[in-house]
Amino acid sequence: MWSCITNFFTYETTKSVVVKSWTIGIINRIVQLIIISYFVGWVFLWEKAYQVRDTAIESSVMTKVKGFGNYNNRVMDVADYVTPTQGGSVFCIITKMITTENQVQGYCPETEKYNCTKDSDCSKFRNKPGGYGILTGKCVPFKNNTKMCEIKGWCPAEIDTITICRGNFLPSITKEYINKCNFHKETDINCPIFRVGDILKYAEQNFTDLANKGGVIGIMISWMCDLDKPDDECKPSYSFTRLDAMSQQSNVSPGYNFRFAKFYKMENGTDYRTLVKAYAIRFDVIVNGNAGKFNMIPTIINMVAAFTSVGVGTVLCDIILLNFLKGAEQYKAKKFEEVSDDPLDSHSSGLYRSQLSLRGTPFKSSDSGAFSIERYS
């Protein structure tokens with residue numbers, strides 16, 4: 001118990017020992033050089049750790065679609081193939097339309113999956129929702145001597161069998177430049193005019209497949225700005241990717257499509273509508289940013305971390321000296337020494353031999369307050 005008490009009330013102080021060894025000296029300087037290079041090259045120059053950074057970018061996106069297309073021998077403009085109303089950060093370009101005209105409320109054959117030959121084939125589905133209405137349990141003629149289960153809803157039901165036909169600002173930007181430029185990843189990276197074909201190419205997508213089933217494409221605008229430099233050097237970079245990649249692997253609901261209807265009223269008051277199922281390529285404009293500016297607090301924090309990390313070289317060299325190099329015992333005797341305030345204890349042997357017992361005459365180095373160990377072969 002007394003030994004534990006005396007060991008607890010002790011004090012440790014740093015002791016400098018100069019080791020004149022080529023091996024350990026080279027290792028020490030190499031480790032220090034690696035650590036300093038890491039902090040200077042990566043932490044400060046590349047990562048700009050001396051800056052305070054803000055990633056909560058506030059942005060407003062405005063989009064505009066232009067151009068004409070030809071669909072089933074019908075010329076279509078922006079009002080026909082773009083939905084919703086353009087101007088927001090998300091817009092769709094319709095690539096295929098299935099039109100079901102003059103629908104009215106009533107009874108008609110289902111057109112999707114409920115084939116039948118008699119009413120009993122449909123009775124088990126009675127009062128269950130079909131593809132386009134509620135099944136009544138009756139089997140009725142459809143076309144070409146085939147029968148389908150009857151539904152109650154908007155009639156005639158949609159027939160999804162139509163095949164697709166082929167269709168087709170920085171301060172330095174001027175009006176003349178806008179009128180003739182198109183975005184290109186290598187030759188024209190600052191042009192904000194994008195052709196649909198180019199976007200799909202950069203996103204590594206096939207236009208024919210995407211137009212047939214629909215999909216969602218992301219247009220990423222990234223602002224990586226160093227606010228310590230002039231404002232005109234803060235420029236956006238563009239990248240493109242498909243956001244609904246998982247739907248490509250699904251047979252249940254692949255691609256992207258939606259329905260909308262145009263409603264009319266007959267003279268006798270009966271409502272009717274034209275139903276449109278639209279397959280579209282939806283474009284989501286996503287803006288993100290990361291801006292940094294010099295600040296003293298992160299600079300001091302990272303400088304202290306750099307200077308502290310240099311001490312790793314000392315720890316590594318101590319491990320090598322104490323365990324692997326010839327003359328480790330001599331180094332231990334120089335590095336560790338017990339001193340007691342009791343004169344009798346000061347002459348007793350400690351953990352290692354006293355440094356004075358290793359040399360006949362004391363050797364003083366040129367370093368103030370330090371002892372030197374020189375190794376001879």
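Residues numbered from 1 in each chain as written. Predicted model: local features only at pLDDT ≥ 70, side-chain atom pairs only at ≥ 80, totals over all residues. Heavy atoms only, no water.

Chemist: Which residues make up the overall build of the protein chain, and what are the values?
Modeler: If you tally the helices and strands in the protein chain, you get 10 helices and 13 strands. Burial analysis of the protein chain (377 residues in total) assigns 32% to the buried set. (Helix = DSSP H or I, 4+ residues; strand = E, 2+ residues; numbered from the N terminus. Buried < 20%, exposed > 50% of the residue type's maximum accessible area, 1.4 Å probe, protein only.)

Chemist: Report on unusual backbone geometry, specifying residues and quantitative values.
Modeler: Backbone phi values are negative for most residues with the exception of glycine, while trans is the configuration of most peptide bonds. Of note, the amide linkage connecting cysteine 155 to proline 156 takes the cis form, showing an omega dihedral of 0°. Take proline 156: it is sitting in the loop between β8 (147–155) and α5 (175–180).

Chemist: Outline the pattern of salt bridges, listing residues and values.
Modeler: Using the criterion set out here, one finds 6 salt bridges in the structure. Two residues, arginine 259 and glutamate 158, come together in a salt bridge whose shortest N-O distance is 3.0 Å. The exposure class assigned to glutamate 158 is buried, which follows from its relative accessible area of 1%. The residue aspartate 198 makes a salt bridge to arginine 195 at a minimum N-O spacing of 3.0 Å. Taking the relative accessible area as the measure of exposure, arginine 195 reaches 47% and is therefore partly exposed. (Salt bridge = Lys/Arg side-chain N within 4 Å of Asp/Glu carboxyl O.)

Chemist: Can you explain the packing of aromatic side chains? Please cite residues and give values.
Modeler: Applying the stated rule across the entire model yields 13 aromatic pairs. Ring plane angle 25° and centroid distance 6.3 Å describe the contact between tryptophan 42 and tryptophan 46, whose orientation is recorded as stacked. With a gap of 4 residues between them, tryptophan 42 and tryptophan 46 both fall in helix α2 (residues 22–46), about one helical turn apart. For tryptophan 42, a relative accessible area of 41% gives the class partly exposed. (Phe/Tyr/Trp six-rings, centres within 6.5 Å; stacked < 30°, edge-to-face > 60°.)

Chemist: Outline the state of the cysteines, listing residues and values.
Modeler: Covalent bonding between the sulfur atoms of two cysteines is what defines a disulfide. By the definition in use, this model includes 5 disulfides. Note that cysteine 108 is cross-linked by a disulfide to cysteine 155, the S-S spacing being 2.2 Å. Note on the cysteine 108 and cysteine 155 pair: the S-S dihedral is about -80°, so by sign convention the disulfide is left-handed. Of this pair, cysteine 108 sits in strand β6 (residues 90–109) while cysteine 155 is found in strand β8, placing the two residues 47 residues apart along the sequence. Both residues of the pair, cysteine 108 and cysteine 155, belong to the buried class. Sequence-ordered numbering of the disulfide-bonded cysteines in the protein chain gives the connectivity 1-6, 2-4, 3-5, 7-8, 9-10. (Disulfide = S-S within 2.5 Å.)

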